[in-house]
Each structure stands twice: as structure tokens, then as C-alpha cells.
2 protein chains.
Amino acid sequence: MSEVVFPNLAVSTVIFTLRPGEDGTSELALPLVRRIRAPYEGQWALPGGPLNANEDLAQAASRTLLATTSLQPRYLEQLYAFGQLDRSPDDRVVSIVYWALVASDEADRALNNENVQWFLADDLPELAFDHALIVDYALSRLRTKLEYSQIAHGFLGETFTLAQLREVYEAVLQKPLDPGNFRRTMESSGAVVATGERLSGTPHRPPQLYKYDTSTDLRDRGPLSRLVAPATISVLSGEKI
Amino acid sequence: MSEVVFPNLAVSTVIFTLRPGEDGTSELALPLVRRIRAPYEGQWALPGGPLNANEDLAQAASRTLLATTSLQPRYLEQLYAFGQLDRSPDDRVVSIVYWALVASDEADRALNNENVQWFLADDLPELAFDHALIVDYALSRLRTKLEYSQIAHGFLGETFTLAQLREVYEAVLQKPLDPGNFRRTMESSGAVVATGERLSGTPHRPPQLYKYDTSTDLRDRGPLSRLVAPATISVLSGEKI
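Residues numbered from 1 in each chain as written. Chains lettered and ligands numbered in written order. Predicted model: local features only at pLDDT ≥ 70, side-chain atom pairs only at ≥ 80, totals over all residues. Heavy atoms only, no water.

A short note on the overall build of chain A
Reasoning step 1: Each helix and strand counted, chain A has five helices and nine strands in total.
Reasoning step 2: Each helix (α) and strand (β) of chain A, taken in turn from the N terminus, gives the series β-β-β-β-α-β-β-α-β-α-α-α-β-β.
Reasoning step 3: Going through the 241 residues of chain A one by one, you find that 50% of them count as buried.
Reasoning step 4: Within chain A, counting contacts between residues at least 6 apart in sequence, those at least 24 apart form 63% of the total.
Reasoning step 5: Approximately 11300 Å² of chain A is accessible, and the part contributed by carbon and sulfur atoms is 49%. (Helix = DSSP H or I, 4+ residues; strand = E, 2+ residues; numbered from the N terminus. Buried < 20%, exposed > 50% of the residue type's maximum accessible area, 1.4 Å probe, protein only. Contact = heavy atoms within 4.5 Å. Areas by Shrake-Rupley, 256 points an atom, 1.4 Å probe, with all protein chains shown as cover.)

Encoded structure:
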């Protein structure tokens, strides 16, 4: 076979979290890194970098994410491999992209300076390479998974009120949901179970706390999820690995 | 960043079809290619090959599949990128794997000789590299997608009887399904609609022909599905691209 190519193999990561938007409601946000070299010098791009010899793909995603943003999500899921011919102006680069969710308190600990910033998902700057396409696809994967998995959990703690869960759905789907309908749908779905506890720190009639029924998680974790260290795979599933 | 690696990038494909099993019912089958060079010389492996400079990932999957098996499915979907450190004994190889379904008549036209053979999915030989893991994952993806998409269509023609559709489900899920329950579930799901036509060539009271309601296809095609030529994306969705 002629013309075999040894492309640069890069690994990038899309990390979503929820941030307070202008009107006080939660909005979906992601961190971007400003490029400090050509091509696209000065433009915003997804955190990432090249694959090193001594690491597998998920490890490369974790390492480059930590180096660029200081974020260290415990679970990364592979999104897609992007290999269009024209996606980088100079070299042939194939990017294997991971995605993850982080809770807001983790996101608060991330780097945030002139070269690393969080942007609202519906108000992104112009992105380098095909990263706008990648973010769009990660958003659609997130929205699809919200419908058939317990992925909303990744934004929340282990327990949450139904109002908190609804806020996640509203932010991800970018539309308001009727509180009563949402409550009835969630309660009848069997996806969440009441813990019997109530939110502390609220004055009177504090709302009930729920948790996901982890026996019914349908999410597809990918073929290698049992091969990685337990510490790397718990954000999206809660404590039950 | 030190130790940057330029791995061999390979593209492989898992293609499923239905074949008559020993008891006459349909069983899931896939083509394998016997390796003619080290490593794993003489062992069976998934069809595939290296990425060439002038082609994107899906084109490489199509080309290597055509070259090794003569199969040319009109739609390939990316499955996963496999990049574990130890997956190839000599070089570092990252494999981007695609998967597809082909109807039985297409499968009949594939090469079938001492170096290319169809195997039943539940009776595979020992496979080279991590290809057994890859096939397992493709099977689990197929089974998951069967539940929330119209992927069974890929094994059938545009129209089909409910008995034919049930046979697909039975083969993929590898368990018998109650015909009455299956009919009621399918009819009430709204996923299939009666065409008003009946199977020809059957003596009396021929069964009704159905087709998928393509307005409700929920399948995630991947981010690049709108970028490839229409001729390459119709097997799994029927005629409505």
C-alpha cells in the first residue's frame, strides 16, 4: 500500500460544566485554551496535545487536560476520532476527542487566566481547526445521552433535589421545562429514588433529596471502561464503579 | 512535550450480516481476513489496513474493506479508536474502527476463499491483536442501538414482514422472542408502519409488509455524516437521506 501516512495523532477533550448565566439560571459552559503557536496562534481551541509513547489514549487526554486547565475529571469518555484531510492547514492531524462533565465546584478550581477561560456553550468565540464542529458534536452527544442515561449526575453531587436536576436538563436542552411535569416524569421513570433526606440549610419545608438508581444505568461507557483504573471512572456514575 | 510518538494509524471494520445457522434460523455473522504477515501471521483478523495520505478515516475504512473482502457497504459508522499500549507486539498502532451492517444478498457477493471467510459471531476463531475485544464491543453497540434506533433495517430491504424483523432481533439479541408480543410491541411503538402491500410469492394470506417510519430515526450518525457523499450513507436509514 503506497502513500501510507504517519499522521500527527492528537488528543483533545471537551469538558462541560454548569455556570450561572446572566439571568441567574445555570448555563452550559466549557473551558478553552488560547493557542500560543501557529497554526491559529492566538485563537481559542479545545484543551489537548499530542499522544506520548508511554500512554494510552485516555491517559493522553487526562494528561493534556491537566497540563492545560488543571482539571482532572475522574471519568473521560471517548467522543469520536476526527480525521478529515483539511482539518489542519499544515500537517495531517488525526484528533481523538474525549469528553467529560465536571461539577461546578471542580470547575471553580480550574485555571482561569488570560489563556484558559470558560465560555458559555451558546456564546463561543471563533475556534481553531474544526473545533467548532467538535463542540457541536459533543453537545449533541450530551443531549442524546441525557435522554437515555444518568449522565446529568456528572454535573451534580451524589444526591440532589428534583429542582437541581431540572436545572441541569434545562441548561443542557437549552429550554425551560415545566416543574410539575418534570417531577412526575422523573418520579414515574424509576430513574431516581428518594433518599429520605432533605436539603439542609433551607428554612422550612426543605425539598427532598434524590439519587440515581444506579442499577439501571444504560450508558455505554466504551469497551475499555473495565481496563482503566477505578479512580478514573467515577464522575459520571457516582460512587458505584 | 517529550516522547511524542507517531504511531501507525490503522483503520479496521466490523461488518455484520445475517446467515442461516445450523437450525435454519438466522444468526449473526462477520467476515474475517487471514493475516499473511507477522505479527499474528496465519491468524484471523478484522479487515483493515493503514491510513493513506489522500483519504479521510471513513474512506480508508471503505478502501481497505473493499480490497480485502470486496464488500462495499453504503454506510459505515465509526465505532471507537483503540490505542492501548500493548495491543500490537512490535509497533505502537492506534486503530480507528468502523462498523456496518450488510444485507444477506450483499454478503453473498463478498469474497469467500481460504483467506476471507464469514464466521458466526458466537463461534469465532482466535483473533489477532485485540480484535476479539473490538468485536465484543461492536456486538454490544449493535445490541444497544437495536433498542433505540432503526438499525435492524440495515439487515433487511426497504420493506419487510414483522416475522423477518423479529428474526433480526432474535439473531442480534441471541434469544427467541414471542411472536405475539413482538408484533404488539412493534405496532404500538410507531417505529414501523404498514405499507399496505403484502409479501409476494407466498400461497394464501401472505403477511403484510412494513417499513420503518423514517421521520423518527434517533440514531446518532456521528458528526461527519452530513459531510460525506449521500451515496455512502443510506444502508442504515433506507432511502430517506
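Moving on, there is more to tell.
What to know about the environment of M186 of chain A
Reasoning step 1: Looking at the element boundaries, M186 of chain A is found in helix α5 (residues 179-189).
Reasoning step 2: Beyond its immediate stretch of four places on either side in the chain, M186 of chain A contacts L162, L165, Y169, A191 and V192 of chain A.

Description of the confidence of the model for chain A
Reasoning step 1: Residues of chain A with pLDDT of at least 70 account for 85%, and the chain-wide mean is 83.
Reasoning step 2: Scored by ipTM, the complex comes to 0.82, with pTM at 0.84. (pLDDT = per-residue confidence, 0-100.)

Examining the packing of helix α4 (residues 162-173) of chain A against α5 of chain A
All names here are of chain A.
Reasoning step 1: Two numbers describe how α4 lies on α5: the axes approach to 10 Å, and their chain directions differ by 105°. By the angle between their directions, the pair α4 and α5 is classed as roughly perpendicular. In contact with L162, L165, R166 and Y169 of α4, α5 contributes P179, F182, R183, M186 and E187.
Reasoning step 2: Across the contact of α4 with α5, the residue classes tally to six nonpolar, no polar and three charged. (Axes fitted to C-alpha atoms, helices over the stretch in contact; angles between N-to-C directions. Parallel < 35°, antiparallel > 145°, perpendicular 65-115°, else oblique. Nonpolar A, V, L, I, M, F, W, Y, C, P; charged D, E, K, R; others polar.)

Looking at the packing of aromatic side chains
Two measures describe an aromatic ring pair: the distance that separates the ring centres and the angle between the ring planes.
All names here are of chain A.
Reasoning step 1: What the rule picks out here adds up to 13 aromatic pairs over all chains.
Reasoning step 2: Seen in terms of ring centroids, F16 and W99 are 6.5 Å apart; in terms of plane orientation they differ by 75°. Their pairing is edge-to-face. With a gap of 83 residues between them, F16 in strand β1 (residues 8-20) and W99 in strand β6 (residues 93-101) connect regions that are remote in the sequence.
Reasoning step 3: For F16, a relative accessible area of 0% corresponds to the buried category.
Reasoning step 4: The class of W99 is buried, set by a relative accessible area of 1%.
Reasoning step 5: These aromatic residues form a ring-pair network of at least three members: Y80, F82 and Y137.
Reasoning step 6: Stacked on the ring of W118, the Lys or Arg R19 has its end atom at 5.1 Å from the ring centre. (Phe/Tyr/Trp six-rings, centres within 6.5 Å; stacked < 30°, edge-to-face > 60°. Lys NZ or Arg CZ within 6 Å of the ring centre and 35° of its normal.)

Describing unusual backbone geometry
The phi angle of most residues is negative, glycine excepted, and most peptide bonds adopt the trans form.
Residues and elements named next belong to chain A.
Reasoning step 1: That bond from A38 to P39 is cis: its omega, -5°, falls within 30 degrees of zero.
Reasoning step 2: Topologically, P39 is positioned in the loop between β2 (26-34) and β3 (44-45).
Reasoning step 3: At S70, a residue that is not glycine, the phi angle is positive and equals roughly 70°.
Reasoning step 4: Structurally, S70 is set in the loop between α1 (57-69) and β5 (77-82).
Reasoning step 5: According to the relative accessible area criterion, S70 is partly exposed, its value standing at 30%.

Here's the deal with the side chain of E55 of chain A
Residue and element names in this part refer to chain A.
Reasoning step 1: Along the polypeptide, E55 turns up in the loop between β4 (48-50) and α1.
Reasoning step 2: We classify E55 as buried; its relative accessible area is 5%.
Reasoning step 3: From its side chain, E55 meets the backbone nitrogen of N52 in a polar contact 2.7 Å long. (Polar contact = N/O pair within 3.5 Å; in protein donor to acceptor, adjacent residues only side chain to side chain.)

Here's the deal with the pairing of strand β2 (residues 26-34) of chain B
Residue and element names in this part refer to chain B.
Reasoning step 1: With respect to burial, β2 is a largely interior element, seven of its nine residues being buried.
Reasoning step 2: In the sheet, β2 pairs with strand β7 (residues 116-120) via five bridges, with the strands oriented antiparallel. Residue L32 lies in a different strand from β7, and its bridge partner there is Q117.
Reasoning step 3: Summarising the sheet, β2 and strand β3 (residues 44-45) pair through two bridges and their orientation is antiparallel. Looking at the pairing, R34 lines up with W44 of β3. (Pairing = 2+ DSSP bridges.)

Some thoughts on the nonpolar core
Residue and element names in this part refer to chain A.
Reasoning step 1: One finds V14, F16, L28, L142, F155 and L165 to be the most contacted residues of the largest nonpolar core, which totals 41 residues.
Reasoning step 2: Listed by contribution, the elements that provide at least two residues to this core are β1, β2, β5, β6, α3 (131-148), α4, α5 and β9 (208-212).
Reasoning step 3: When residues of this core are assigned to their parent elements, the largest contribution, seven residues, is made by α3.
Reasoning step 4: When near neighbours in sequence (up to four residues on either side) are disregarded, L28 contacts F16, T17, L18, F119, L120, A121, L139, L142, F155, A171 and V172. (Core = buried A, V, L, I, M, F, W, Y, C linked by side-chain atoms within 4.5 Å.)

Section: α4 of chain A
Reasoning step 1: Compared with an ideal rise of 1.5 Å per residue, which puts 12 residues at 16 Å, α4 of chain A spans 16 Å between its outermost C-alpha atoms and is within 8% of the ideal.
Reasoning step 2: Buried residues of α4 of chain A: L162, L165, R166, V168, Y169, E170, A171 and V172 of chain A, and no others. (Expected span 1.5 Å × (residues − 1).)

Focus on the pattern of salt bridges
Reasoning step 1: Inspection of every chain in the model, using the stated rule, returns 14 salt bridges over all chains.
Reasoning step 2: Among the ionic pairs, R63 of chain A bridges to E55 of chain A, the shortest N-O distance being 2.7 Å.
Reasoning step 3: With a closest N to O distance of 3.7 Å, R183 of chain B and E187 of chain B form a salt bridge. Here the residue R183 of chain B and the residue E187 of chain B both occupy positions in helix α5 (residues 179-189), the gap between them amounting to four residues, near one helical turn.
Reasoning step 4: E187 of chain B sits in the partly exposed class, given a relative accessible area of 41%.
Reasoning step 5: One network of salt bridges, in which partners are shared, links E77, R141 and K145 of chain A. (Salt bridge = Lys/Arg side-chain N within 4 Å of Asp/Glu carboxyl O.)

Examining the pairing of strand β1 (residues 8-20) of chain B
All names here are of chain B.
Reasoning step 1: Counting buried positions over the 13 residues of β1 gives 11, a clear majority of the element.
Reasoning step 2: As defined by bridge partners, β1 adjoins strand β6 (residues 93-101) across nine bridges and the pair is classed as parallel. Following the sheet pairing, I15 is matched in β6 by A100.
Reasoning step 3: As judged from the three bridges shared by β1 and strand β4 (residues 48-50), these two strands associate in the antiparallel manner. Looking at the pairing, S12 lines up with G48 of β4.
Reasoning step 4: Strand direction decides the pairing type here: β1 and β2, joined by four bridges, are antiparallel. Opposite L18, over in β2, you have L28 as the bridge partner.
Reasoning step 5: The loop that links β1 with its antiparallel partner β2 comprises five residues; one of these, G24, has a positive phi angle of about 90°.

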